[in-house]
Amino acid sequence: MTKRGARPVSVQHGARLASRAPLLFEVGFLDRAVSRHRHPRPRRVVGGVPSVGKLSRTARRARTMPDMPHDLPCRAKKPLHVASLALKSITRIFHGNGHKKGEHQMTDQNKESVKDAAGSQLRLGRRTVLKGGVATGLMLGAASFMKFSETAAAATQEPKRGGTLRLAYTSGTVRETLDPARLREGNESMYCANIYDRLLRIENDFSVSAELAEKWDANADGSAWTFVLRDGLKFSDGTPLTSEDVAYSFSRLLDAATKSPSFAGLSQMLDTSGIEVRDARTIAFKLKSANTVFPQQIATRNFAVVKKGTTEFKVETAIGSGPFKIASFAPGESWELVRNPNYWRAGLPYLDGIRQVKIDEPATLVQSLLSGQSDVIGQVGPAQVRQVDGSPGAHIVSSPNSGFMYVVMDMTQAPFDDPKVIKAVKAAVDRQALLNIVFQGHGTLTSDVNVWPGHPSYPPGLGVRAQNIEEAKRLLAEAGHPNGIDLQLYTSPSLSGMVEMATAFAEIVRPAGIRVAIQQENSGTYWSQVWQTKPMYISYSGARPPVATIGNLYVTKPAYAETKISNPEIDKLLAEVCASLDENKQNELLQEAWSIVADQAGASISFALNQLWGMRKTVQGVKPHSEDNLQFHEAHIA
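These notes cover the structure that comes with them.

The rules behind the values
Residues numbered from 1 in each chain as written. Predicted model: local features only at pLDDT ≥ 70, side-chain atom pairs only at ≥ 80, totals over all residues. Heavy atoms only, no water. Buried < 20%, exposed > 50% of the residue type's maximum accessible area, 1.4 Å probe, protein only. Helix = DSSP H or I, 4+ residues; strand = E, 2+ residues; numbered from the N terminus. Pairing = 2+ DSSP bridges. Polar contact = N/O pair within 3.5 Å; in protein donor to acceptor, adjacent residues only side chain to side chain. Contact = heavy atoms within 4.5 Å. Salt bridge = Lys/Arg side-chain N within 4 Å of Asp/Glu carboxyl O. Core = buried A, V, L, I, M, F, W, Y, C linked by side-chain atoms within 4.5 Å. Phe/Tyr/Trp six-rings, centres within 6.5 Å; stacked < 30°, edge-to-face > 60°. Expected span 1.5 Å × (residues − 1). Axes fitted to C-alpha atoms, helices over the stretch in contact; angles between N-to-C directions.

### A closer look at the pairing of strand β18 (residues 536-542)
Thought 1: Counting buried positions along β18 gives 6 out of 7 residues, so the element sits mostly inside the fold.
Thought 2: Of the pairings in the sheet, the one linking strand β14 (residues 394-409) to β18 comprises 7 bridges and is antiparallel in character. Its bridge partner being in β18, tyrosine 406 is matched across the sheet by serine 539.

Structure below.
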């Protein structure tokens, strides 16, 4: 019987479905396991995790199935009427449609054709390091990296001005900030990326684009860099943006009191004494040593330019130069942006504004999109993909290899202070099964590194490691655990798939004698009380250039102390990458660094994930982005 709204099934695909019928039946056990884990009732427990029958056999079969044809629920399902009731409150928050025809007046400025203030937005690929950009070949993945769905952002008609886009998002915490120097999480990245600008902006293929800077260059060895700003830049309040503001913004990052995640990395490269304001449009940086990848490192989210003298970041004082400005802000709940009339890209943005609200429950999230109460939602779980794509008014926009969800093991806390325990856990994982069961194959397998096969920095001999239960048992026995080991894994519904990943991970590693008890925490406090604190937990990081990722996670003084690996060889290799002008040499050094991470770091990374966004078909020009989540610079509502 064909499901309502389901796509036609070909004869060949039907045969495949029939051949996999036993698997589809058994996969239902995971759905029930997740549901019962969220709403427990007295029942048999195995190793701290509700028994899910024959899931271990399911996991073994799932690894042979890279393209599963059936939906696996990513969250416990709720009755539709619950979602419908929740939508009433969403409607109130969004204040109605928000983009009715004729609601806003068009100014003469808005009627101008859209063009870059400098004539073009400088895009850098594999160009020379020291003349206007950096050799970014080492940062590039396969040619198809981050190629979005054809329906993602290409406008099919003349952009329509006006309207307020309504965004519903699953992630948000009470510690969110309007200070770009301090931001750490996805929701913060999204609104700050649309409030503030940087000198340069990292692109999805890890190249850099000119933003506030129209040109830049370096001396012969890359130890001194000069940036020239675009002419006529203004903040959203109409005051000029000059190199003094850039200098102030970098000085804040170099002040430990600011508590920026980028402090550790930047302070190793630069002192405040090395910042020189030459004139209103020119700023120079004299680095502590040669660094040929400096542009990539300052093109990331913490390096936004703020107004000189700003010390408190609230709605009235969080002033940037991006396409929008902040109008209201309730950390962990909602925010609203309105058009910046002084934005330097003439004619942009098209939208009058953006209203965001947090929705935790996936059924409510999807229903808000399908009912027209939301224009864009994220993140969409793989289980809801068919429901969204099968609807007449919405579709899925996929952002391939845009992030990593993985298990962190703190190497300073028992039992993970024993390297053999970490290796045993990694050996016990069936990567393909984990990806299939939790994310329906929406990703690319990898081997315990934050990059994927085919990327030029991926170690050539690493491959994709297969599950090895006997090796895991042997390592545990050598570590003093001949009868297996009991572990506690923390997780949260903060992001789609986190709870389900913990549940599936526990079942997959159980045959090796690794008994995992799952501790689910509140999404509002997870990233402040569990992340970087507990011995073992589920984490997430966006896809970034290898130099940035290794510097953020795996050097001895990282921006984010997840695994707390301490290997000076990684620091040495990263320094050599920064000093080298030879792209092939840079990749060879990165491969060595990734090999150490794969073998030693307390991170079990099985795959790179595709981020999935749901959008109304009337929405155009929204750009999914691995660093900023979503960019609304050219978004419009048809």
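Still more to cover.
### As for the side chain of serine 447
Thought 1: Assignment of secondary structure puts serine 447 in the loop between β15 (443-445) and α13 (469-478).
Thought 2: At a separation of 2.8 Å, a polar atom in the side chain of serine 447 contacts the main-chain amide nitrogen of arginine 465.
Thought 3: Leaving out residues up to four positions away in the same chain, serine 447 has contacts with Arg431, Tyr458, Leu462, Gly463, Val464, Arg465, Ala598 and Ile605.

### Brief notes about the pattern of salt bridges
Thought 1: Using the criterion set out here, one finds 28 salt bridges in the structure.
Thought 2: For aspartate 197, the salt bridge identified is with arginine 201, shortest N-O distance 4.0 Å.
Thought 3: Residue arginine 201 is classed as buried on the basis of its relative accessible area, which comes to 5%.
Thought 4: Here aspartate 628 makes a salt bridge to arginine 198, at a shortest N to O gap of 2.6 Å.

### Focus on the nonpolar core
What tends to happen in soluble globular proteins is that the nonpolar side chains get buried as a cluster.
Thought 1: One finds Leu434, Phe505, Ile514, Ile538, Ile550 and Tyr554 to be the most contacted residues of the largest nonpolar core, which totals 84 residues.
Thought 2: Not counting the four nearest positions on each side in its chain, phenylalanine 505 is found in contact with Val407, Val425, Val429, Leu434, Leu489, Met536 and Ser604.
Thought 3: Counting residues in each nonpolar core, the second largest holds 38 residues, with Ile202, Leu241, Met269 and Phe285 among its members.

### Observations concerning the packing of aromatic side chains
Thought 1: Within this structure, the stated rule accounts for 17 aromatic pairs.
Thought 2: Ring geometry for tryptophan 527 versus tryptophan 531: centroids 5.9 Å apart, planes at 70 degrees, classification edge-to-face.
Thought 3: On the basis of relative accessible area, tryptophan 527 is assigned to the buried category, the value being 9%.
Thought 4: Look at tryptophan 531 and you get buried, because its relative accessible area is 8%.
Thought 5: Grouped by ring-pair contacts, the aromatic residues Trp216, Trp225, Phe227, Phe250, Phe285, Phe294 and Phe303 constitute a single cluster.

### Here's the deal with helix α18 (residues 583-600)
Helical periodicity: at 3.6 residues per turn, an α-helix aligns residues three or four positions apart in one direction.
Thought 1: With 18 residues, α18 extends 26 Å from end C-alpha to end C-alpha; this agrees with the ideal 26 Å at 1.5 Å per step.
Thought 2: Inspection of α18 places Gln586, Asn587, Leu589, Leu590, Gln591, Ala593, Trp594, Ile596, Val597 and Ala598 among the buried residues, and these make up the whole buried set.
Thought 3: Check the buried side of α18 and you find it contacts α11 (419-427), α16 (546-553) and α17 (568-579).
Thought 4: Its side-chain oxygen placed 2.9 Å from the backbone nitrogen of asparagine 584, aspartate 582 serves as the N-cap of α18.

### A short note on the sheet that holds strand β7 (residues 224-229)
Thought 1: Taken together, 4 strands build an open sheet; the order of strands is β6-β7-β9-β8 and the sheet is antiparallel. Strands with a single pairing partner mark the edges of an open sheet, and in this sheet they are β6 (213-218) and β8 (275-279). Pairwise comparison of adjacent strand axes, ignoring direction, gives a mean angle of 20 degrees for this sheet.
Thought 2: Summarising the sheet, β6 and β7 pair through 5 bridges and their orientation is antiparallel. Within β7, the residue paired with lysine 215 across the bridge is valine 228.
Thought 3: Along the sheet face, helix α6 (residues 243-253) touches β7, β8 and β9 (282-286) and points at about 175 degrees away from the line of β8.

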